[in-house]
Amino acid sequence: MFPEQNSGYGYEDCKATADWLLTQTDIRPVVGIVCGSGLGGLADMLKDQVVFNYKDIPNFPQSTVRGHAGQLVFGTLKGRPCVCMQGRFHLYEGYPIQKITLPMRIFKLLGVETVMLTNAAGGLNQDYKVGDVMIIKDHINMPGFAGNNPLAGPNDDRFGVRFPCMSDAYDRELQQLAMDVGQELGYSDFLKEGVYCVLGGPSFETIAECRMLHRLGADAVGMSTVHEVITARHCGMRVFALSLITNQAVMDYESKEKANHEEVLQTGRQRAKQLEQLVSAMVTRIEHSQNYA
Ligand SMILES: O=P(O)(O)O[C@H]1O[C@H](CO)[C@@H](O)[C@H]1O
Ligand SMILES: Nc1nc2[nH]cnc2c(=O)[nH]1
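Residues numbered from 1 in each chain as written. Chains lettered and ligands numbered in written order. Predicted model: local features only at pLDDT ≥ 70, side-chain atom pairs only at ≥ 80, totals over all residues. Heavy atoms only, no water.

## A word on the site of ligand 1
With respect to spatial proximity, 13 residues lie near ligand 1, and among them Ser 37, His 90, Tyr 92, Ser 224 and His 261 are the closest. Ser 37 is positioned such that a nitrogen or oxygen atom in its side chain is 2.7 Å from an oxygen atom of ligand 1. Taking Tyr 92, its side chain carries an N or O atom lying 2.6 Å from an oxygen atom of ligand 1. In the complex, the protein chains occlude 96% of the 350 Å² of accessible area that ligand 1 would expose alone. Looking at the shell around ligand 1, the elements that each hand over two or more residues are β5 (114-123) and α8 (261-285). In the shell around ligand 1, the residues fall into 5 nonpolar, 7 polar and 1 charged. (Near = heavy atom within 4 Å. Polar contact = N/O pair within 3.5 Å; in protein donor to acceptor, adjacent residues only side chain to side chain. Areas by Shrake-Rupley, 256 points an atom, 1.4 Å probe, with all protein chains shown as cover. Helix = DSSP H or I, 4+ residues; strand = E, 2+ residues; numbered from the N terminus. Nonpolar A, V, L, I, M, F, W, Y, C, P; charged D, E, K, R; others polar.)

Structure below.
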């Protein structure tokens, strides 16, 4: 269950991959972006792109889900050096949890300071509508309750401490910045704040499960992001995350709605432009150790 040395995702493996990437490009990213299902267009915002197919990157897993292109894109966004995962990995694809989160450690070793994650999620909060964008303020790690945590196994102190705090997982300044930028862009009507719950997937939730999650305090449900957040915080990167509410979770036995991946991708296409605007405007205003103004 736990990674052995030479497992393909220890410190040396991550370092080898990061060092290889740094020999292939002069871009030294300070922001790392992860594109959720159907949100890969975010990578198209980057200028002066250097693109790597995941299959050509040593130690990197492959994307297997429709709507996840499987490319790592380096580039600049209004002068800020960025790296963008056009496609992420999920537990249900069958990868060990440490492999899903390996790119976060590679981001760290590339010099990334801030990670911005996006995902597609089902809305549990009855005030949410399809197309709303939820700024994630906290999470519920359901697989973690059963011991499925990306940090389980021997701790490598070069990445972080054995018992990392998670009450500050989502950077409050970045949440406020998203709200401010969203307001300036005229997005207030569809911008929300809430709690994201991760499940293992790939089956969508039953009605009883949706009702339970809502009662537990979750506003949206999905199958990603949380493992990446835990790994990114463990190694000291700042985290911002948002969910695009692509469908309403079915909470009612009278409903004829059925969750499906096609609707998820379709909603992603409809909101793509606004999400690009929001993320790019935020990137230009995030402070980093170097001044890129
Ligand atoms: O979380 P992202 O990668 O956006 O994808 C979401 O969309 C897929 C289901 O349609 C699941 O993989 C779920 O997690
Ligand atoms: N688990 C889960 N993941 C999603 N991703 C997009 N929509 C959903 C949903 O309703 N449930």
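## Regarding the site of ligand 2
With respect to spatial proximity, the complete set of residues near ligand 2 consists of Ala 120, Ala 121, Gly 122, Phe 204, Glu 205, Val 221, Gly 222, Met 223, Thr 246, Asn 247 and Val 264. In this structure, Glu 205 approaches ligand 2 through a side-chain N or O atom, which is 2.5 Å from a nitrogen atom. Asn 247 has a polar side-chain atom sitting 2.6 Å from a nitrogen atom of ligand 2. Look at ligand 2: alone it shows 280 Å² of surface, and the protein chains cover 94% of it. When residues of the shell around ligand 2 are traced back to their parent elements, those giving at least two are β5, β8 (220-222) and β9 (238-248). Looking at the shell around ligand 2, the element that brings in the most residues is β5, giving 3 residues.

## Examining the UniProt feature "domain: Nucleoside phosphorylase" (unreviewed entry) in the protein chain
Here the UniProt-annotated "domain: Nucleoside phosphorylase" (unreviewed entry) positions come out as residues 31-283. Secondary structure across residues 31-283 divides into 28% helix and 26% strand, with the first and last C-alpha atoms of the span separated by 8 Å. (UniProt positions renumbered as here; feature names shortened; annotations may be inferred.)

## Things to note about the side chain of Asp 156
Relative to the helices and strands, Asp 156 is located in the loop between α4 (142-145) and α5 (172-184). Engagement of the side chain of Asp 156 in a polar contact is seen with the side chain of Arg 158, the distance being 2.9 Å. Excluding anything up to four places from it in sequence, Asp 156 contacts Tyr 11 and His 234. (Contact = heavy atoms within 4.5 Å.)

## Quick look at the UniProt feature "binding site: a purine D-ribonucleoside" (unreviewed entry) in the protein chain
The positions that UniProt labels "binding site: a purine D-ribonucleoside" (unreviewed entry) are, in the present scheme, Glu 205 and Asn 247. A compact arrangement is adopted by the annotated residues: their sequence extent is 43 residues, whereas the largest C-alpha distance between any two is 12.2 Å. Relative to the helices and strands, Glu 205 is located in the loop between β7 (191-198) and α6 (207-216). Residues contacting Glu 205, with those up to four places away along its chain left out, are Leu 199, Cys 210, Leu 213 and Val 221. By the secondary structure assignment, Asn 247 is in strand β9. With relative accessibility at 6%, the residue Asn 247 sits in the buried group. For Asn 247, the residues in contact, after removing those within four places along its chain, are Ala 121, Gly 122, Gly 123, Val 130, Ala 259, Glu 263 and Val 264. (Buried < 20%, exposed > 50% of the residue type's maximum accessible area, 1.4 Å probe, protein only.)

## Points about the packing of aromatic side chains
Summed over all chains, the structure comprises 8 aromatic pairs. With a centroid separation of 5.4 Å and an interplanar angle of 50°, the aromatic rings of Tyr 54 and Phe 89 are classed as tilted. In this pair, Tyr 54 is assigned in the loop between β2 (47-53) and β3 (71-77) and Phe 89 in the loop between β4 (80-86) and α2 (97-100), connecting sequence segments 35 residues apart. Taken individually, Tyr 54 and Phe 89 each receive the classification buried, so the pair is uniform in this respect. Clustering of aromatic rings is evident, with ring pairs tying together Tyr 54, Phe 60, Phe 89 and Tyr 95. (Phe/Tyr/Trp six-rings, centres within 6.5 Å; stacked < 30°, edge-to-face > 60°.)

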